[in-house]
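As a plain string of letters, each chain reads:
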Amino acid sequence: MGPITMAFLADALSRVKPSATIAVSQKARELKAKGRDVIGLGAGEPDFDTPDNIKTAAIDAINRGETKYTPVSGIPELRKAIAAKFKRENNLDYTWEQTIVGTGGKQILFNAFMATLNPGDEVIIPTPYWVSYPEMVALCGGTPVFVATTQANSFKLQPADLEKAITPKTKWFMFNSPSNPSGAAYTHAELKALTDVLVKHPHVWVLTDDMYEHLTYGEFKFATPVEVEPSLYDRTLTMNGVSKAYAMTGWRIGYAAGPLQLIKAMDMIQGQQTSGATSIAQWAAVEALNGTQDFIPRNKKIFEGRRDLVVSMLNQAKGISCPVPEGAFYVYPSCAGLIGKTAPTGKVIETDEDFVSELLESEGVAVVHGSAFGLGPNFRISYATSEELLEEACRRIQRFCAACK
């Protein structure tokens, strides 16, 4: 048999791009393997280790023989811990039957879209967006509708722009705060202005990705849409996970709560797809949610120091302007001041993608281009790495910008 022809592959694949963040991390790894000194600031994962109490819970689960299939939607212990978390931290009342556990937040989102989207259904996605949202919508047969934010508005969606984007075909509004990639987080008042718009359009559902809930800085107070506007309860899926707050990215546990009918539909899809998430990771997640939370403020303090360092050093680089984000562990600086300049290699920088590849070429710093997140000319830096590496990376960025003529 010869090579696979395009005709053999599903048409849906032609609507989808590979993940740019994964591609950047891969390229950085390849250059490192060739002996290049590369600082990778592409990956969105905490550099902290999973806390010991959570690891111990997983080891105990293995020793107790918790190694069999679990119910599709998750073990009751974890689903009860999720319902308790929503009550305790977000003031939301869900029964444990209204919760579902997936293999990472990605599966939760994917199953929600798969369970609800028909061809022609629209999903409103503010830009810049996490790279996987539009691709998931496209794979599930829906149409992503992008609504731009601006750096002047701190990358936050304005209510009038949301209102304009809603049509009779709108099925979901995809919301993420604090945001990957911008780090923008919406205050209670900013959220209320958006939910006021949504209240007027009863056919629009809200899918909120709260993955970075516990990573907000200064005096910022996190809020989630249903908490701000309880009347949206019957048409909101609130998604979260243990990846970021508990440094458990590789354990692959995401979860959500929402209307029972939607949860049942997602359960049915998951039942034919992966079934239950890993039993051992689920028991670790029980301990994450129910156990001590005292390392969260500690980690937050460290992240906040890194954020301040990176913002300050980037704003000293020629041609770069970097706003101060409220949350997550990303900054989303503009490189507009370098477009049209010539890089040290002699190549003219015409796009943020050029900027990123020239920076990697000249200085060995791997970042992700903003156009991958639907809004340029910017780039995303993940500051989930040591201050020492961040300082060195920012020095290299300053040097690179100074060398562009």
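Residues numbered from 1 in each chain as written. Predicted model: local features only at pLDDT ≥ 70, side-chain atom pairs only at ≥ 80, totals over all residues. Heavy atoms only, no water.

Student: Tell me what's going on with helix α5 (residues 132-139), and back it up with residues and numbers.
Tutor: For α5, a buried count of seven out of eight residues is recorded, marking the element as mostly surrounded by other parts of the structure. Within the span of α5, buried status applies to S132, Y133, P134, E135, M136, V137 and A138. Lining the buried residues of α5 we find α4 (104-116), β3 (122-127), β4 (143-148), β5 (170-176) and β6 (205-209). Looking one or two residues past α5, G141 carries a phi angle of roughly 90°, positive in sign. (Buried < 20%, exposed > 50% of the residue type's maximum accessible area, 1.4 Å probe, protein only. Helix = DSSP H or I, 4+ residues; strand = E, 2+ residues; numbered from the N terminus. Contact = heavy atoms within 4.5 Å.)

Student: Any chance you could break down the UniProt feature "domain: Aminotransferase class I/classII large" (unreviewed entry) in the protein chain for me, citing the residues and the numbers?
Tutor: As annotated in UniProt, the feature "domain: Aminotransferase class I/classII large" (unreviewed entry) corresponds to residues 37-397 in the numbering used here. As a span, residues 37-397 carries 38% helix and 14% strand, and end to end its C-alpha atoms are 14 Å apart. (UniProt positions renumbered as here; feature names shortened; annotations may be inferred.)

Student: Any details on the side chain of E358? Residues and values, ideally.
Tutor: As for its placement among the helices and strands, E358 is situated in helix α12 (residues 352-363). The side chain of E358 is buried and forms no salt bridge, while K347, the nearest opposite charge, is found at 5.6 Å. Those residues within four positions of E358 in sequence are excluded, and the remaining contacts are A343, T345, K347, E363 and F400. (Lys, Arg positive; Asp, Glu negative; His and termini not counted. Salt bridge = Lys/Arg side-chain N within 4 Å of Asp/Glu carboxyl O.)

Student: Explain the packing of helix α11 (residues 295-314) against helix α13 (residues 387-403) to me, and be specific about the residues and the numbers.
Tutor: Where α11 contacts α13, the two axes come as close as 9 Å, and the packing angle between them is 10°. Relative to α13, the element α11 lies roughly parallel. Relative to α13, α11 is oriented so that their crossing is right-handed. For the pair α11 and α13, contact is made by G305, R306, L309, V310, M313 and L314 and by E387, L390, E391, C394, R395, I397 and Q398, respectively. Here the contact of α11 with α13 is built from residues that sort into seven nonpolar, two polar and four charged. (Axes fitted to C-alpha atoms, helices over the stretch in contact; angles between N-to-C directions. Parallel < 35°, antiparallel > 145°, perpendicular 65-115°, else oblique. Left-handed = near helix turned anticlockwise from the far one by under 90°. Nonpolar A, V, L, I, M, F, W, Y, C, P; charged D, E, K, R; others polar.)

Student: Outline the nonpolar core, supporting the account with residue identities and numerical values.
Tutor: Ranked by internal contacts, the top residues of the largest apolar core, which has 79 residues, are F113, L207, L237, L314, I320 and F355. Two domains each donate at least three residues to this core, and these are domain 1 (6-49 + 295-403) and domain 2 (67-290). With sequence-adjacent residues up to four places away left out, L207 is seen in contact with L109, A112, F113, W172, F173, M174, F175, L237 and M239. (Core = buried A, V, L, I, M, F, W, Y, C linked by side-chain atoms within 4.5 Å. Domains from an automatic or database assignment.)

Student: An account of the pattern of salt bridges is requested, with residue identities and associated values reported.
Tutor: Taken as a whole and judged by the stated rule, the model has 24 salt bridges. Between R307 and E304 there is a salt bridge, with the nearest N and O atoms lying 3.8 Å from each other. Placement of the pair is R307 and E304 together in helix α11, with a separation of three residues, close to one helical turn. Residue classification places R307 among the buried positions, given a relative accessible area of 9%.

Student: Give a description of the packing of aromatic side chains that names residues and reports values.
Tutor: To describe a pair of aromatic rings, you give the distance between the ring centres and the angle between the ring planes. Inspection of every chain in the model, using the stated rule, returns 19 aromatic pairs. Relative to Y133, the ring of W130 has its centre 5.3 Å away and its plane inclined at 80°; by these criteria the two rings are edge-to-face. Judged by its relative accessible area of 17%, W130 falls in the buried class. For Y133, a relative accessible area of 3% translates into the label buried. An aromatic cluster is present here, built from F48, Y212, F303, F329, Y330 and Y383 joined pairwise through their rings. Between the NZ or CZ atom of R64 and the centre of the ring of W283, over which it lies, the distance is 4.9 Å. (Phe/Tyr/Trp six-rings, centres within 6.5 Å; stacked < 30°, edge-to-face > 60°. Lys NZ or Arg CZ within 6 Å of the ring centre and 35° of its normal.)

Student: Go over the pairing of strand β2 (residues 99-102), please, and point to the residues and values.
Tutor: Two faces make up the sheet, and in a regular strand the side chains alternate between them. Neither face of β2 is left uncovered, since the one carrying T99 and V101 and the one carrying I100 and G102 both have all their residues buried. Sheet analysis places β2 next to strand β8 (residues 254-257), joined by four bridges and oriented antiparallel. Along β8, the bridge assignment pairs G102 with G254. (Pairing = 2+ DSSP bridges.)

Student: Summarise the pairing of strand β12 (residues 379-382); cite the residues concerned and give the values.
Tutor: Judged by which residues are buried, β12 turns out to be covered on both faces: F379 and I381 on one side and R380 and S382 on the other are all buried. Where strand β9 (residues 330-331) and β12 come together, two bridges link them in antiparallel fashion. Looking across to β12, one finds that Y330 is bridged to S382. Summarising the sheet, strand β11 (residues 368-369) and β12 pair through two bridges and their orientation is antiparallel. Along β12, the bridge assignment pairs H369 with F379.

Student: I'd love a proper account of the sheet that holds β11, names of residues and values included.
Tutor: Read across the open sheet, the three strands follow the order β9-β12-β11; overall the sheet is antiparallel. On the outer flanks of this sheet lie β9 and β11, each paired with one strand and no other.

Student: Go over unusual backbone geometry with me, naming the residues and quoting the values.
Tutor: For the peptide bond that leads from S177 to P178, omega is -15°, which places it in the cis range. Summarising the element assignment, P178 is placed in the loop between β5 and α7 (188-199). Of note, the amide linkage connecting G376 to P377 takes the cis form, showing an omega dihedral of -5°. Take P377: it is sitting in the loop between β11 and β12. Phi is positive for A247, close to 50°, though the residue is something other than glycine. Examined against the element boundaries, A247 turns out to sit in the loop between β7 (236-241) and β8. At A328, a position not held by glycine, the phi torsion is positive, near 60°. Of note, A328 is situated in the loop between α11 and β9.

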